[in-house]
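The primary structure of each chain is shown beneath.
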Amino acid sequence: MGEVKYIKIHILLLLTIIPLSVVGYLFAVYNESLFFLYEWLLTLLILYSTILSIISIGKIKGNLKWVSISILAFLVQFSVLSLFLGPFTRYALFSVFYIVTFFATIIFIISFRKAETFKWIPMVFIIVSVIFTCYMLLLNSLWGRDVS
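Residues numbered from 1 in each chain as written. Predicted model: local features only at pLDDT ≥ 70, side-chain atom pairs only at ≥ 80, totals over all residues. Heavy atoms only, no water.

A. Representation of the packing of aromatic side chains within the structure. Summed over all chains, the structure comprises 10 aromatic pairs. Consider the rings of Phe 74 and Phe 78, whose centres lie 6.1 Å apart with planes at 20°: the pair is stacked. Of the two residues, Phe 74 and Phe 78 are both situated in helix 4 (residues 64-85); the distance of four residues between them amounts to about one turn of the helix. A relative accessible area of 11% places Phe 78 in the buried class. Judged by centre distance (5.3 Å) and plane angle (90°), the ring pair of Phe 94 and Trp 143 falls under edge-to-face. (Phe/Tyr/Trp six-rings, centres within 6.5 Å; stacked < 30°, edge-to-face > 60°. Helix = DSSP H or I, 4+ residues; strand = E, 2+ residues; numbered from the N terminus. Buried < 20%, exposed > 50% of the residue type's maximum accessible area, 1.4 Å probe, protein only.)

B. Geometry of the packing of helix 1 (residues 3-15) against helix 2 (residues 17-30). Following both chains from N to C, one finds helix 1 and helix 2 inclined at 15°, their axes separated by 5 Å at the closest point. Taken together, helix 1 and helix 2 sit at an angle that is classed as roughly parallel. Facing helix 1, whose interface residues are Leu 13, Leu 14 and Leu 15, helix 2 presents Ile 17, Ile 18 and Pro 19. Each residue belonging to the contact of helix 1 with helix 2 can be placed in one class, and the counts come to six nonpolar, no polar and no charged. (Axes fitted to C-alpha atoms, helices over the stretch in contact; angles between N-to-C directions. Parallel < 35°, antiparallel > 145°, perpendicular 65-115°, else oblique. Contact = heavy atoms within 4.5 Å. Nonpolar A, V, L, I, M, F, W, Y, C, P; charged D, E, K, R; others polar.)

C. Just the environment of Phe 97, in detail. Position of Phe 97 among the secondary structure elements: in helix 5 (residues 93-114). Classification of Phe 97 by relative accessible area gives buried; the value is 0%. Distance from Phe 97 to Phe 132, taken between C-alpha atoms, is 9.6 Å for residues 35 residues apart in sequence. If we skip the residues at most four places from it in the chain, Phe 97 touches Gln 77, Val 80, Leu 81, Phe 132, Thr 133 and Met 136.

D. Layout of the packing of helix 4 against helix 6 (residues 120-142). Contact geometry of helix 4 with helix 6 gives a least axis separation of 11 Å together with a crossing angle of 20°. Classified by the angle their axes make, helix 4 and helix 6 are roughly parallel. Considering the relative orientation of helix 4 and helix 6, their crossing is left-handed. Note on element contacts: helix 6 touches helix 4 through Ile 121, Pro 122, Phe 125, Val 128, Ser 129, Phe 132, Tyr 135, Met 136 and Leu 139, opposite Val 67, Ser 70, Ile 71, Phe 74, Gln 77, Phe 78, Leu 81, Phe 84 and Leu 85. (Left-handed = near helix turned anticlockwise from the far one by under 90°.)

E. Here's a closer look at unusual backbone geometry. Phi at Phe 118 takes a positive value of approximately 60°, unusual for a residue other than glycine. Structurally, Phe 118 is set in the loop between helix 5 and helix 6. We classify Phe 118 as buried; its relative accessible area is 19%.

F. Quick peek at helix 3 (residues 35-59). Taking 1.5 Å per residue as the helical rise, helix 3 with its 25 residues ought to reach 36 Å, and the 36 Å between its terminal C-alpha atoms agrees with that figure. Of the positions making up helix 3, those classed as buried are Tyr 38, Leu 42, Leu 45, Ile 46, Ser 49, Leu 52, Ser 53 and Ser 56. On its buried side, helix 3 packs onto helix 1, helix 2 and helix 4. (Expected span 1.5 Å × (residues − 1).)

G. The nonpolar core, seen in detail. With 35 residues, the main nonpolar core has Ile 7, Val 67 and Ile 121 as its most contacted residues. For this core, the secondary structure elements donating two or more residues are helix 1, helix 2, helix 3, helix 4, helix 5 and helix 6. In terms of residue count, helix 4 provides more of this core than any other element does, 10 residues in total. Among residues more than four places away in sequence, those in contact with Val 67 are Ile 7, Ala 115, Thr 117, Phe 118 and Ile 121. (Core = buried A, V, L, I, M, F, W, Y, C linked by side-chain atoms within 4.5 Å.)

Dropping the structure here:
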């Protein structure tokens, strides 16, 4: 498979998170007993994309390797966010998310500087990472407060 094809498949896999999340929202609102389908499909999607990312890091030569590395960093960050919002909603995981986000942001910046094509992918990851961080900062500031 060509180097660019790996990146295109990654982009399509990451874009499928959006309609899958809409389906998950509909399950949560209208039929909560089916929400586990969304959770498992999202887990499989992230797992498959992570495996593909690791394979592409090994096979891609040149600067496109950094785009695959940034995709892997985003998947790790998204997985930590998903774990925090899912079964492991604990105060201690805020610091884990912040540490992972710090290292992921460094990788995004390096990827943006080294990549010659697909520079927009690390930039989109930086923007989404800022949104995730703002959300987690909001949760962190509200944690343990009586907001009623």
